[in-house]
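One letter stands for each residue in the lines below.
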Amino acid sequence: MIRKAQAKDVDAVADIYSHIHDFEEAGKVEIGWDRAIYPTRNTAQDALERGDLFVLEDDQGKVVATAIINDKQVDAYAQGNWEYAAKDDEVMVLHTLVVDPYASHRGYGKAFVAFYEDYARKAGARYLRMDTNAHNKNARGMYKKLGYKEIGIIPCNFNGLKDIPLVLLEKKL
């Protein structure tokens with residue numbers, strides 16, 4: 001079940017971020033994040049306070065995935081050579097989609113993207129945008145399979161991370 005996060009979920013979301021950092025530091029995944037910078041517990045807390053943090057619970061009620069969904073395009077998007085010249089109020093953005101690495105390969109990422117698309121449709125958005133680090137091959141592969149087009153890679157500073165090769169992706173609903 002995917003739902004808006006509640007205050008009680010922030011610890012679980014922060015744990016997922018920590019697990020991903022552990023896996024990256026151990027060389028098991030490459031995402032391009034830094035434990036001290038992004039994402040952190042404050043990332044989850046800020047999104048909760050804005051009302052745009054969502055969580056996915058497994059059959060036992062454990063939070064196993066999370067994402068931020070809103071209409072806020074990050075600054076680097078202005079540099080994108082978007083295929084669709086969408087107005088800001090026509091765009092919905094998926095940020096920081098993560099699945100706990102201890103619960104990976106169970107379809108949770110795909111389920112979250114399907115939820116995002118339905119959420120955007122219900123909100124009247126016509127275009128979907130998102131980004132990922134160019135090094136994050138797993139995310140890039142999943143998004144491609146789900147019909148997202150990579151429109152370019154923008155070198156930028158992103159959420160406090162320096163010199164990130166940010167892949168911009170889009171899809172028309």
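All values derive from a computational prediction rather than experimental measurement.

Definitions and limits used
- Residues numbered from 1 in each chain as written.
- Predicted model: local features only at pLDDT ≥ 70, side-chain atom pairs only at ≥ 80, totals over all residues.
- Heavy atoms only, no water.
- Helix = DSSP H or I, 4+ residues; strand = E, 2+ residues; numbered from the N terminus.
- Rg over C-alpha atoms; globule rule 2.2 N^0.38 Å.
- Buried < 20%, exposed > 50% of the residue type's maximum accessible area, 1.4 Å probe, protein only.
- Contact = heavy atoms within 4.5 Å.
- Salt bridge = Lys/Arg side-chain N within 4 Å of Asp/Glu carboxyl O.
- Pairing = 2+ DSSP bridges.
- UniProt positions renumbered as here; feature names shortened; annotations may be inferred.
- Expected span 1.5 Å × (residues − 1).
- Core = buried A, V, L, I, M, F, W, Y, C linked by side-chain atoms within 4.5 Å.
- Axes fitted to C-alpha atoms, helices over the stretch in contact; angles between N-to-C directions.

Q: I'd like to hear about the overall build of the protein, residue by residue, with values.
A: Scanning the protein for helices and strands turns up 4 helices and 7 strands. Taking 173 residues into account, the globule formula puts the C-alpha radius of gyration at 16 Å, and the protein, at 15 Å, falls close to it. Across its three principal axes, the protein shows a C-alpha extent of roughly 40 × 35 × 30 Å. Taken over 173 residues, the protein has a buried fraction of 49%. For the protein, long-range pairs separated by at least 24 residues make up 66% of all intrachain contacts whose partners lie at least 6 apart in sequence.

Q: Quick rundown of the pattern of salt bridges? Include the residues and the values.
A: Considering all chains together, one arrives at 12 salt bridges under this definition. In this structure, the salt-bridge partner of aspartate 9 is arginine 3, at a minimum N-O distance of 2.7 Å. An identical accessibility class is assigned to aspartate 9 and arginine 3; each is buried. Connected through salt bridges with shared partners, the residues Arg3, Asp9 and Glu57 form a single ionic network.

Q: An account of the pairing of strand β4 (residues 91-99) is needed here, citing residue identities and associated values.
A: Most of β4 is tucked away, with 8 of its 9 residues classed as buried. Note: strand β3 (residues 63-70) against β4, 5 bridges, orientation antiparallel. In the sheet register, isoleucine 69 faces β4, and the bridge partner there is leucine 94. Sheet topology note: the β4/strand β5 (residues 127-133) ladder contains 4 bridges and is parallel.

Q: Hey, could you go over the UniProt feature "domain: N-acetyltransferase" (unreviewed entry) in the protein for me, with residue numbers and the actual values?
A: Per the UniProt record, the feature "domain: N-acetyltransferase" (unreviewed entry) sits at residues 1-173. The straight-line gap between the two end C-alpha atoms of residues 1-173 is 23 Å; of that span, 29% is helix and 31% is strand.

Q: Describe helix α3 (residues 108-122), naming the residues involved and giving the relevant values.
A: The terminal C-alpha atoms of α3 lie 21 Å apart, and with 15 residues this matches the ideal 21 Å at 1.5 Å per residue to within 8%. Taken residue by residue, α3 has Tyr108, Gly109, Phe112, Val113, Tyr116, Glu117 and Ala120 as its buried positions. Following α3 by one or two positions, glycine 124 adopts a phi angle in the positive range, close to 90°.

Q: Residue-level account of the nonpolar core, with values.
A: Soluble globular proteins tend to bury their nonpolar side chains together. In terms of nonpolar packing, the biggest core is built from 32 residues, with Trp33, Leu53, Leu166 and Leu168 touching the most fellow members. When residues of this core are traced back to their parent elements, those giving at least two are α1 (10-25), α2 (41-50), β2 (53-57), β3, β4, β6 (149-158) and β7 (161-172). A total of 5 residues in this core trace back to one element, the largest contributor, which is α1. Once you skip the residues sitting within four places of it in the chain, tryptophan 33 turns out to touch Ile20, His21, Glu24, Tyr38, Pro39, Thr96, Val98 and Leu161. Listed in part, the 25 residues of the second largest apolar core include Leu56, Ala67, Tyr116 and Tyr148.

Q: Help me get a handle on the sheet that holds β7, residues and values and all.
A: Taking strand neighbours across the sheet as the criterion, the 7 strands line up as β1-β2-β3-β4-β5-β7-β6 in an open arrangement whose pairing is mixed. Each edge of the sheet is formed by a strand with only one pairing partner; in this case those strands are β1 (2-4) and β6. Strand-to-strand twist across the sheet, computed as the mean angle between neighbouring axes with direction ignored, equals 30°. Where β2 and β3 come together, 5 bridges link them in antiparallel fashion. Note that in β3 the partner of valine 55 across the bridge is threonine 66. Seen against the sheet, α3 touches β1, β2, β3, β4, β5 and β7 and runs at an angle of roughly 160° to β4.

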